[in-house]
Amino acid sequence: MYYDENDANILIGEAAVEGGDYHGEFQKVNSVVMDERCGVSAVAFDLHEELVWVGNQGGHVTSFYGQTMEKYTSFKVHPTEEIRAIVPFDEVMLFLSQTQLRGQIRRGLPSFNHVSENMQAMQCMISTDPARVLMGGHQNQMIEYDLPTQREIRLMHLPNESTCAILRAQHQNRYILAGDPSGHICLMDNRTLKVEHGIDAHNGSLSDFDVHGNLMVTCGFSARQGNLSVDRFIKVYDIRALRAMAPIQLSIDPLLLRFLPSFSSRIAAVSSNGQMEILETQAVSQANICIYQVASSPSAQSTSFDVSSSCHHMSFGDSSGYVTLFSAPNTSMFNVYSRETEFPDPPPEPVNIENSFLAQIPLYYGTTELLSDWPPELTERIYRKTPPINQTILNSMKMVGTIGYAPNPGLFRRNQVTYKMNEYKQTWRTNIVGWMETSSIRINMTSSIGVSGVGNFLRVFRMVPEASALGLILNDNMKNKGCLLRIIQNWNRFILHHIEGELGKQGDPISKLFAMKQENMNRCTKCGREEKKQSTVLLSNLLYSSDGNGKRLKFIELLQRSLCPEQTTPAWCERCEKYQPTFQCRVPTALPPILSLNTCLDNTHDFQQWKSGLEASLKSETVMSTGLKPCRYGRACNRADCKFWHEDSENNGAAGVTEFDQNPDFQVSWLPTDLQIVLEESSVRVIEATTENSDYELFAVVVFVKDENEEKCNVASIVKINGEWNLFNDFMVRQIKTIEAISCNPKWKIPAIVYYRKKQLPPPPTPIKNKIPMEVFKHNAKQKYKTLTRDEHLQLVALDAEFVTLGQEETELRSDGKLATIKPQQLSVARVTVIRENGSPLMDDYVSTQEVIVDYLTKFSGIQPGDLDANYSSKNVTSLKIVYSKLCYMIEQGVKFVGHGINNDFRVINLVVPADQIIDTVTLFHFPNQRMVSLRFLAWHYLGMNIQTEVHDSLEDARAALYLYRKYEELKKKGKLEKSLEEMYEKGKKLNWKVQA
């Protein structure tokens with residue numbers, strides 16, 4: 001270690017360290033010599049396996065494995081010519097010499113050998129495609145070679161009789177860079193390979209250059225007084241702006257350059273005398289220059305250099321035939337993800353026949369038959385017939401091209417669940433849910449076609465008054481999101497009543513499963529006047545008495561009291577014509593197949609009653625002493641956090657300790673597994689029965705789970721499937737014992753919903769087929785277009801949608817300087833326009849919303865404030881449900897939709913449309929690896945239309961997309977599509993993709 005005149009800390013590899021105890025950023029790991037003592041001409045890390053490939057000046061190639069540099073393969077590529085470039089592919093390695101391209105597999109076997117009259121002085125090559133390679137050299141022409149067909153597919157001539165000695169690719173961008181020995185660098189289009197720009201890097205000669213992102217660095221020579229002298233600095237260029245940046249001073253004479261891939265601002269430069277310097281491209285406050293001696297000896301010259309894809313390893317080749325590997329400490333992999341390297345099998349060890357198994361003895365290969373040989377009829381190659389597809393799948397299959405899609409009939413095992421899916425649960429279909437299990441616990445909000453996303457479900461859900469009244473609407477900014485125990489019970493009530501109400505007359509499936517008929521009787525205690533009426537309920541609430549404190553509370557008594565409640569309350573008597581004490585009661589007259597019960601333990605009073613009953617049911621009913629000192633104030637102590645013992649106190653400190661407090665895993669069996677419910681004339685009797693004589697069996701429980709501080713809580717479902725109890729806790733599903741399903745603990749496990757079902761359930765009803773009628777297109781007074789008629793058959797329409805912002809995007813700045821999206825931008829559909837095939841509008845609906853609009857995006861949507869208000873707007877404002885119904889009707893009819901960026905429109909609208917019904921003009925007028933072209937430029941170039949001049953209009957955009965599709969069909973029919981696209985891209989680049997007035 002030494003210091004220069006500017007006090008810059010300069011580290012010089014192992015040569016400057018006494019005792020070889022230097023631990024820098026990179027350390028010398030190994031150094032090996034080639035088979036033939038010729039200078040190394042090319043070094044390359046394998047991108048797929050842990051190998052380093054080295055070619056020498058004698059045409060020999062050797063590969064080394066891992067950091068140990070163990071020799072893997074070694075073979076001759078050319079008898080006299082040196083190896084000038086090595087490029088790894090997935091299945092083959094390519095080696096380039098002066099007049100030959102050789103392909104060999106990694107085990108050393110030759111794959112192909114290409115020689116051409118166009119290959120006279122080849123020097124470099126790079127991969128431009130997973131199956132193509134581009135070659136250049138000290139000649140005026142470049143060659144593009146296709147590996148699958150093993151032939152030259154294109155020959156390009158460089159301008160001004162220049163040559164190509166170095167090739168580099170700008171990854172994930174548009175340029176391929178070719179360096180001429182004279183110092184000129186050409187920037188070529190990666191698709192057409194046409195030269196678009198040029199940079200004169202050095203006026204003498206170009207030694208090496210590299211590119212990363214938009215930065216290019218070069219090193220070379222300058223002509224001074226008729227001689228070439230090394231430029232002891234690195235030139236930096238911004239490719240995007242095509243301008244030179246401030247050069248970087250070096251301490252060595254650079255010959256080779258490489259970017260360190262994981263550090264975009266760092267460069268490794270190697271000099272001809274074997275020194276490497278790592279430097280920053282950005283200005284730093286304190287210089288820290290690292291110099292390493294990488295050549296094997298002071299007399300050897302560095303000839304080749306490469307960096308691994310993980311940027312933790314660097315290999316160097318020199319003129320003495322040595323290959324040196326430098327690695328970062330504590331790293332072992334050349335690539336981030338490497339596949340296993342295939343090694344030859346070790347030679348078999350000699351077998352002792354007397355002390356070995358029969359399977360270890362090598363098989364005898366001869367002409368005579370063995371006793372273990374199978375007869376010929378058992379070894380014939382015959383066709384094994386494919387098992388037939390289940391007829392249920394074939395009946396429901398929908399063909400999209402040559403691929404058929406069908407819902408899983410539940411006859412096979414899913415790979416996410418370990419239990420069998422057959423006879424899992426009977427299902428009943430409705431028109432607003434795809435299917436609903438009999439447990440009413442899991443509901444899948446899907447349909448067969450036109451699936452709406454969860455975002456729009458929540459938007460519609462917020463508009464339901466009952467949901468808001470039951471406290472089911474939770475905002476993201478609400479700190480206290482309410483009691484989850486109350487929410488899950490309210491959801492059970494809401495979903496049952498709402499589905500039955502939405503179905504109307506078709507709600508029989510819900511009524512047949514959950515409806516309990518009962519008779520309500522009101523009797524005046526003064527005049528004796530009785531009034532009876534029939535009613536139906538879909539679920540029942542458990543009712544707790546106020547006088548049961550400390551009394552053991554049995555579930556069957558509680559259920560009997562809840563099914564047949566009685567109370568006396570003041571009510572209006574028609575005979576007495578005034579309020580009188582009235583006796584009220586409800587008596588079930590018909591029991592449902594599924595008995596749904598809300599435990600109502602979200603109420604503090606009811607929870608204390610239930611908890612006291614559980615504690616009273618414990619065997620050790622007395623309060624256990626904890627050995628604490630008694631409180632000096634006794635019963636008069638009013639401190640809530642008192643730590644001393646109190647007599648007959650339940651709320652202070654550790655006064656009353658039960659088994660629930662001492663053992664958190666302790667649970668009390670509270671729910672009976674089998675019940676017998678007997679209906680009598682004016683009452684009901686509930687009996688805890690055995691499995692043989694019971695009417696109802698427990699088959700599902702929803703439990704509320706919380707921690708001690710009640711900061712974290714969860715809801716889990718326990719369901720009986722095929723006689724086994726299974727716990728559904730988020731993504732975790734496992735089998736549990738029966739005792740765990742029927743037990744509870746007031747500290748952490750509280751039942752919320754309980755389901756009993758009859759032993760014999762009714763057969764499932766016929767599935768409901770819900771088709772959207774054409775009446776959704778009924779005429780509105782504000783409509784300015786012709787509505788859809790029954791005689792009109794739609795085949796093709798053009799669609800465009802405009803959106804407004806309901807919530808801005810929220811981002812945060814990470815420690816690495818990058819922006820991370822915390823909450824994405826929330827868009828809402830505001831206008832949907834559909835154009836017929838003849839150009840006339842079919843629908844142009846503005847969508848009203850009750851949510852707060854943050855930004856109308858008027859410049860891009862054309863929506864003005866007030867356009868979405870049905871009371872004041874002059875537009876055809878309708879609801880989101882009507883818009884969905886119209887779109888889903890067209891989807892069901894198989895109508896094809898044309899639009900520009902229509903895939904994105906349907907994604908934001910949250911409708912899933914079959915791919916064969918979508919025609920996106922963005923993809924129709926697009927070349928691979930090129931930019932997407934805007935609708936405005938396409939309409940101007942192909943149609944001569946000047947659209948979107950001030951604001952966007954969905955009618956204008958949809959009509960332009962329709963005309964563009966017709967233009968596409970016309971060009972495709974004439975065979976001029978590809979040529980037209982090339983002309984369009986060339987014109988767009990010249991005009992910078994701006995429409996000319």
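What you are looking at is a predicted structure, and each value in this text was computed from that prediction instead of being measured. (Residues numbered from 1 in each chain as written. Predicted model: local features only at pLDDT ≥ 70, side-chain atom pairs only at ≥ 80, totals over all residues. Heavy atoms only, no water.)

Draft legend 1. Region of interest: the overall build of the protein. Within the protein, the regular secondary structure consists of 16 helices and 60 strands. For the protein, the residues scored as buried account for 44% of the 997 residues in total. Residue pairs at least 24 apart in sequence account for 54% of intrachain contacts in the protein once pairs closer than 6 positions are excluded. (Helix = DSSP H or I, 4+ residues; strand = E, 2+ residues; numbered from the N terminus. Buried < 20%, exposed > 50% of the residue type's maximum accessible area, 1.4 Å probe, protein only. Contact = heavy atoms within 4.5 Å.)

Draft legend 2. Examining the side chain of aspartate 306 more closely. Examined against the element boundaries, aspartate 306 turns out to sit in strand β30 (residues 302-307). Arginine 258 provides the closest opposite charge to the buried, salt-bridge-free aspartate 306, at an N-O distance of 4.2 Å. Aside from chain neighbours lying at most four places away, what touches aspartate 306 is Val43, Ala44, Phe45, Arg258, His313, Met314 and Ser315. (Lys, Arg positive; Asp, Glu negative; His and termini not counted. Salt bridge = Lys/Arg side-chain N within 4 Å of Asp/Glu carboxyl O.)

Draft legend 3. Summary view of the environment of leucine 981. Mapped onto the fold, leucine 981 is located in helix α16 (residues 977-990). A residue is classified by how much of its surface remains accessible, and leucine 981, at 4% relative accessible area, is buried. The sequence separation of leucine 981 and leucine 971 amounts to 10 residues, and the corresponding C-alpha distance is 10.0 Å. Setting aside its immediate chain neighbours within four residues, leucine 981 contacts Leu924, Phe925, His926, Phe927 and Tyr942.

Draft legend 4. Looking closely at the environment of cysteine 888. Looking at the element boundaries, cysteine 888 is found in helix α11 (residues 880-892). When its relative accessible area of 12% is taken as the criterion, cysteine 888 is described as buried. Each C-alpha atom, one on cysteine 888 and one on valine 913, is 9.0 Å from the other, the two residues being 25 residues apart in sequence.

Draft legend 5. Layout of the sheet that holds strand β6 (residues 60-65). Strand order across the open sheet formed by 4 strands is β4-β5-β6-β7, with antiparallel pairing between neighbours. Here the strands that pair on one side only, and so sit at the sheet edges, are β4 (40-45) and β7 (70-76). Shown here is a sheet whose adjacent strand axes are inclined to one another by a mean of 20 degrees, direction ignored. Two elements, β6 and β7, share 6 bridges in a ladder whose sense is antiparallel. (Pairing = 2+ DSSP bridges. Axes fitted to C-alpha atoms, helices over the stretch in contact; angles between N-to-C directions.)

Draft legend 6. View of the packing of aromatic side chains. Applying the stated criterion to the full structure yields 25 aromatic pairs. Among the aromatic residues, those joined into a ring-pair cluster are Phe555, Phe607, Trp610, Trp670 and Tyr756. When the ring centre of phenylalanine 209 is taken as origin, the NZ or CZ atom of arginine 168, which lies over that ring, is 5.8 Å away. (Phe/Tyr/Trp six-rings, centres within 6.5 Å; stacked < 30°, edge-to-face > 60°. Lys NZ or Arg CZ within 6 Å of the ring centre and 35° of its normal.)

Draft legend 7. Local environment of the sheet that holds strand β32 (residues 322-327). Taken in spatial order, the 4 strands line up as β3-β32-β31-β30 in an open sheet, and their pairing is antiparallel. The sheet is open, and its two borders are formed by β3 (27-33) and β30, each paired with just one other strand. Direction aside, neighbouring strands of the sheet carry axes that sit 20 degrees apart on average. Inspection of the sheet shows β3 paired to β32 by 6 bridges, in the antiparallel sense. Residue pairing across strands places asparagine 30 opposite leucine 325, the latter belonging to β32.

Draft legend 8. Molecular detail of the packing of helix α14 (residues 935-943) against helix α15 (residues 954-974). Where α14 contacts α15, the axes come no closer than 10 Å and their chain directions differ by 50 degrees. Judged on the interaxial angle alone, α15 and α14 are oblique. Considering the relative orientation of α14 and α15, their crossing is left-handed. Contact residues: Leu935, Leu938, Ala939, Tyr942 and Leu943 in α14; Asp957, Ala960, Ala961, Tyr963, Leu964, Lys967 and Leu971 in α15. (Parallel < 35°, antiparallel > 145°, perpendicular 65-115°, else oblique. Left-handed = near helix turned anticlockwise from the far one by under 90°.)

Draft legend 9. Up close: the nonpolar core. Membership of the largest hydrophobic core comes to 57 residues, with the highest contact counts inside it found for Phe555, Trp610, Trp670, Leu671 and Tyr756. Looking at this core, the element that brings in the most residues is strand β47 (residues 696-706), giving 8 residues. In this structure leucine 671 touches Phe555, Leu698, Val701, Ala741, Ile742, Val754 and Tyr756, once residues within four positions along its chain are discounted. Listed in part, the 33 residues of the second largest apolar core include Val829, Val847, Phe897 and Ile918. (Core = buried A, V, L, I, M, F, W, Y, C linked by side-chain atoms within 4.5 Å.)

Draft legend 10. Highlighting the side chain of serine 205. For serine 205, the location among the structural elements is in strand β20 (residues 205-212). The class of serine 205 is buried, set by a relative accessible area of 17%.

Draft legend 11. Focus on the pairing of strand β46 (residues 684-688). Relative to β46, strand β45 (residues 674-679) runs antiparallel, the two sharing 5 bridges. Looking at β46, one finds that isoleucine 677 is bridged to valine 686. The antiparallel hairpin formed by β45 and β46 contains 4 residues in its connecting segment.

Draft legend 12. Region of interest: the confidence of the model for the protein. Residue-level pLDDT values for the protein average 80, and 82% of them are 70 or greater. Predicted confidence is poor over residues 1-23, with pLDDT under 50, and the contacts of this stretch with residues over four places away or in other chains come to 30 contacts. (pLDDT = per-residue confidence, 0-100.)

Draft legend 13. Helix α6 (residues 555-563), seen in detail. Among the residues making up α6, those that are buried are Phe555, Ile556, Leu558, Leu559, Ser562 and Leu563. Considered in projection along α6, the buried side chains sweep an arc of 160 degrees and stay on one side of the axis. (Arc of directions from axis to C-beta.)

Draft legend 14. Focus on α15. If you check α15, its first and last C-alpha atoms are 30 Å apart, about what 21 residues at 1.5 Å a residue would give, namely 30 Å. When we look at burial in α15, the residues that qualify are Ser954, Asp957, Ala958, Ala960, Ala961, Leu962, Leu964, Tyr965, Tyr968 and Leu971. The backbone nitrogen of leucine 955 has a side-chain oxygen 3.3 Å away, supplied by the residue at the start of α15, namely aspartate 953. (Expected span 1.5 Å × (residues − 1). Polar contact = N/O pair within 3.5 Å; in protein donor to acceptor, adjacent residues only side chain to side chain.)

Draft legend 15. Expanded view of the state of the cysteines. As enumerated under the stated definition, the model contains 0 disulfides in all. With no disulfide of its own, cysteine 585 lies 6.1 Å from the sulfur of cysteine 564, the closest cysteine sulfur. (Disulfide = S-S within 2.5 Å.)

Draft legend 16. Geometry of the pattern of salt bridges. Evaluated as defined, the whole model comprises 30 salt bridges. As a salt-bridge pair, arginine 258 and aspartate 208 come within 3.2 Å of each other at their nearest N and O atoms. Remark: aspartate 208 occurs in strand β20 and arginine 258 occurs in strand β26 (residues 254-260); sequence separation between them is 50 residues. Here aspartate 208 falls in the buried class, since its relative accessible area comes to 4%. With a closest N to O distance of 3.2 Å, aspartate 602 and arginine 486 form a salt bridge. With aspartate 602 in the loop between β43 (594-598) and α7 (604-616) and arginine 486 in helix α4 (residues 484-503), the pair connects residues that are 116 residues apart, well separated along the chain. What you see here is one network of salt bridges that share partners, running through Arg132, Glu144, Asp146 and Arg154.

Draft legend 17. Quick look at the environment of isoleucine 488. Mapped onto the fold, isoleucine 488 is located in helix α4. Contacts of isoleucine 488, omitting those with residues within four sequence positions, involve Val702, Val715, Ala752 and Ile753.

Draft legend 18. Looking closely at the pairing of strand β42 (residues 578-590). As paired elements, strand β38 (residues 516-524) and β42 share 8 bridges and run antiparallel to each other. Pairing of glutamine 518 across the sheet is with proline 588, part of β42. Bridging between strand β41 (residues 566-573) and β42 involves 8 bridges; their strand directions are antiparallel. Opposite glutamine 567, over in β42, you have glutamine 584 as the bridge partner. With antiparallel pairing between neighbouring strands as the criterion, β41 and β42 make up a hairpin whose turn holds 4 residues, including glutamate 577 at a positive phi of roughly 60 degrees.

Draft legend 19. Local environment of the packing of α14 against α16. Their axes nearest at 12 Å, the elements α14 and α16 cross at an angle of 120 degrees. Judged by the inter-axis angle, α14 sits oblique to α16. In the packing of α14 onto α16, the handedness of the crossing is right-handed. Within the contact between the two elements, α14 uses Phe937, Leu938, Trp940, His941 and Tyr942 and α16 uses Ser980, Leu981, Met984, Lys987 and Gly988. Split into classes, the residues belonging to the contact of α14 with α16 amount to 6 nonpolar, 3 polar and 1 charged. (Nonpolar A, V, L, I, M, F, W, Y, C, P; charged D, E, K, R; others polar.)

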